[in-house]
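# Fold and contact review
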Amino acid sequence: MNPEVVRVDTDVLVVGGGMAGCGAAYEAKYWGKNLRVTLVEKAAIERSGAVAQGLSAINTYLGQRWGEKTPEDFVRYVRTDLMGIVREDLVYDVARHVDSSVHLFEEWGLPIWKTPEGKYVREGPWQIMINGESYKTIVAEAAKTAIGAENLYERVVVTHLLNDPSDPGRISGAIGFSVRDEKLYVFKAKAVIVTAGGATLLFRPRSVAEGLGRTWYAIFDTGSTFAMQAQAGAEMTQMENRFIPSRFKDGYGPVGAWFLLLKSVATNAYDENYMQTRAAELGKYEPYGSAKPTPTPLRNHQMMLDMMEGKGPIYMRTDEALARLSGGDKKRLRELESEAWEDFLDMTCSQALLWAAQNIDPQMMPSEITLAEPYIMGSHSGCAGMWVSGPEDVSPPEYFWGYNRMTTVKGLFTAGDGVGAAPHKFSSGSFTEGRLAAKAAVAYCADNPGNVQLDEDRVNGLQAQLFKPFEVFEKNKGASTVEEVNPKYILPKAGLTRLQKIMDDYAAGSGTWYRTSEPMLKRGLELIGLLKEDLTNSMAARNLHELLRGWELVHRVWTAEAHVRHMLYRTETRWPGYYYRTDYPNVDDANWRKFVNSRYYAESGQWEMSTKPYIQLVQ
Amino acid sequence: MPSFVNPEKCDGCKAKDKTACQYVCPNDLMTLNKETNKAYNQEPDLCWECFSCVKICPTQAIDVRGYSDFVPLGASITPLRGTDSIMWTVQFRDGRIKRFKFPTRTKPEGSVVPYVGMSEASESELRTQELSGEPKWLGIPELPRMKK
């Protein structure tokens, strides 16, 4: 294939137009009015990223104007939820700014539930309720209007970042291809902000066949954020962390509104509330066990113990919650019923369809919940991502190197799922963090006005590499009478299932109840190595769609490898309920209350592991 | 199968350069069969069932049949997305029907004004911690500083 090469010269390049990317584009154009701000997205931004389907709540809002919460309160909550290790400078920074983003969403037309006094309706201490079916559409409109439609490249997938040949520790652009036409895109940029989301489908999911698609987190999140930045030499942190959501079974509908707003409880099949019957179990994990609220991993841990003892199914007692809250008032019951359905229909339509298909009426009967397969991400109750600088006025010297949210590669910024050790951002915090990264990126551009260079040899090499799967297919298709079974190549779908089997079998997937050990992880790494070889040498694609899937798979494999290497390095069980190192089953604060970092060296192909200190900033 | 297309209703968006479903699908699934001029989901097992294609289809030709590995047959959920609200019809397997209507936006599409009420950015403010429009849009007198 001989694609047309499209060259785009810009100042600030935003890769990925989800919540963080839209925040970045919007903010970059404000501070960099005379700069060129470019946003590139593999889909259409009005329905892309984790909020594509909508949301029924905004999970991070402090209500500072009403004196509800302080950023310090937020740091204490988040630190405890992740069992004692977060970058408090980054968490604090999101918290102090996040309200302004939410107020802008409301200004742009997002319906937010209000109390009779005009305050936002609280779902929980940090969460507010919204009518969020069009949340992403509204936010995307703001980003697109701000930068101008001519600076938005949709249906272009970025596969690699480009380093400056005169200073390899500096970023100078990115490369990718159109998923619609035979075009290669080469972006040259002074600053690049990577906001391409977290990672799904690394593990064999609980559902199979068609159900592969029903990931809890957005299925279009393919680990690109982590893989591309690692390959460019940026340091990663906490990549051993993952998030295991407890959600309505199979449809993965949200439980937040049920637990927090509707005050529902979950019980096992014998009417026991595992949070009560397993209370003593928390004593093993002090000081985190006695914290209120109980950290998310430990709540998972309690539920898992019941399931492993065969006490499932675990049920959300929706019927009891609605009866109790309505108090027999039929009008109130109808309102609650509508709220319950909206909770699914605004963000997880599949769960509503599943209820209807199983004849489940939440006011009549309870509904099953379960623990999902692992997800690697930095924005929810998970904190994998890149190691970035914090804000100058908050961060100690160990956490500050010039520009907020800049990685260890000069000019390379990230936000949302991309920033590690800073969880609980959710949609509003991710948008806010995109804004923070963008303002710093504009300052970086002002300080570094000279032109960056592209390594043209590398661009040519990548062009050949990107489209090689087409050649592999054409060259070898004659070796078999069916395209799907051929000894000379591997198709992306086959590679995906192979990755999922490796990860589930060896890297603490749901199939082993999230348990692994040094020998298991080492064996997993060997098999990932063989998979990487096959993908490098023999990955085939038959059309642009399959080529997209191929490069998404490569990003997933790199993310998986980082995850395994990090789990291997952290010789403790920091987050029981997320994963267990059976050879090191305890939380080991004496040795491991610190960050695990890694860096990949492209020249040698080696990974270097290290630790960084946890510094407590908020008492 | 996740999303599927009713051939009686799909008109291929009248052979424009791209169909609405193809434009919007976040996972690059919806495709136009150029011979039949009908759209289809090219990779149903990677469909998130986000309903973006269902909502945008101008002829209401797209529906979702729940994932075959865990969703029993016979139910449907059907959205009708208007300019400021969305109406859902939920039909249970046993025939019961429920209808819900939820607001989606308080201002018309296309009305967003970026940086509304904000003064122009200055070079000196670029070095401060405040984001655009802060502290005004925070609703408090000043941006919090960490108490150390």
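Just so you know, these numbers come straight off a predicted model, no measurement behind them.

With that settled, the discussion passes to the pairing of strand β8 (residues 183-194) of chain A. Residue and element names in this part refer to chain A. Within β8, 10 of the 12 residues are buried, which leaves the element mostly enclosed by the surrounding structure. Where strand β1 (residues 4-15) lies against β8, 11 bridges are found, and the strand directions are parallel. From the neighbouring strand, D9 faces β8, where its bridge partner is K188. With five bridges joining them, strand β7 (residues 167-178) and β8 adopt antiparallel strand pairing. Along β8, the bridge assignment pairs A174 with F187. Between β7 and β8, which pair antiparallel in sequence order, lie four residues. The sheet contact formed by β8 and strand β15 (residues 412-414) spans three bridges and is parallel. When the sheet's bridge partners are listed, V194 is paired in β15 with T414.

A common way to report how large an interface is uses the accessible area buried once the components associate. Between chain B and chain A, the contact holds 83 residues from the first and 99 residues from the second. Summed over both sides, the interface between chain B and chain A buries roughly 8,100 Å², with carbon and sulfur atoms accounting for 57% of that surface. Run the count over chain B and chain A and you get 15 salt bridges. The interface formed by chain B and chain A includes 55 residue pairs in polar contact (both at pLDDT 80 or more). Those elements that provide at least two residues to the side of chain B that touches chain A are α1 (20-24), α2 (52-56), β5 (76-81), β6 (85-91) and β7 (97-103) of chain B. Each residue belonging to the side of chain B that touches chain A can be placed in one class, and the counts come to 42 nonpolar, 18 polar and 23 charged.

Below, the discussion takes up the pattern of salt bridges. Residue and element names in this part refer to chain A. In this structure the tally under the stated criterion is 64 salt bridges over all chains. A salt bridge links R570 to E240; its shortest N-O distance comes to 2.7 Å. In this pair, R570 sits in the loop between α16 (544-569) and β17 (580-581) while E240 sits in the loop between β9 (236-237) and β10 (246-248), placing the two residues 330 residues apart along the sequence. Each member of the pair, R570 together with E240, is buried. Of the charged contacts in the structure, one is a salt bridge between R542 and E483, with a shortest N-O distance of 2.8 Å. Here R542, found in the loop between α15 (518-538) and α16, pairs with E483, found in the loop between α13 (456-476) and α14 (492-506); they are 59 residues apart in sequence, far enough to count as distant.

A few words now on the sheet that holds strand β11 (residues 266-267) of chain A. All names here are of chain A. An order of β10-β13-β12-β11 is seen for the four strands of this open sheet, with the pairing classed as antiparallel. The strands lining the two open edges of the sheet, one partner per strand, are β10 and β11. When β10 meets strand β13 (residues 367-371), the two strands line up antiparallel, connected through three bridges. Bridge pairing in β13 places F248 opposite I369. Across the sheet, helix α8 (residues 296-308) touches β10, β12 (314-316) and β13, and the angle it forms with β13 is around 110 degrees.

Rules behind the numbers
Residues numbered from 1 in each chain as written. Chains lettered and ligands numbered in written order. Predicted model: local features only at pLDDT ≥ 70, side-chain atom pairs only at ≥ 80, totals over all residues. Heavy atoms only, no water. Buried < 20%, exposed > 50% of the residue type's maximum accessible area, 1.4 Å probe, protein only. Helix = DSSP H or I, 4+ residues; strand = E, 2+ residues; numbered from the N terminus. Pairing = 2+ DSSP bridges. Contact = heavy atoms within 4.5 Å. Buried area = accessible area lost by both parts, 1.4 Å probe. Salt bridge = Lys/Arg side-chain N within 4 Å of Asp/Glu carboxyl O. Polar contact = N/O pair within 3.5 Å; in protein donor to acceptor, adjacent residues only side chain to side chain. Nonpolar A, V, L, I, M, F, W, Y, C, P; charged D, E, K, R; others polar. Axes fitted to C-alpha atoms, helices over the stretch in contact; angles between N-to-C directions.

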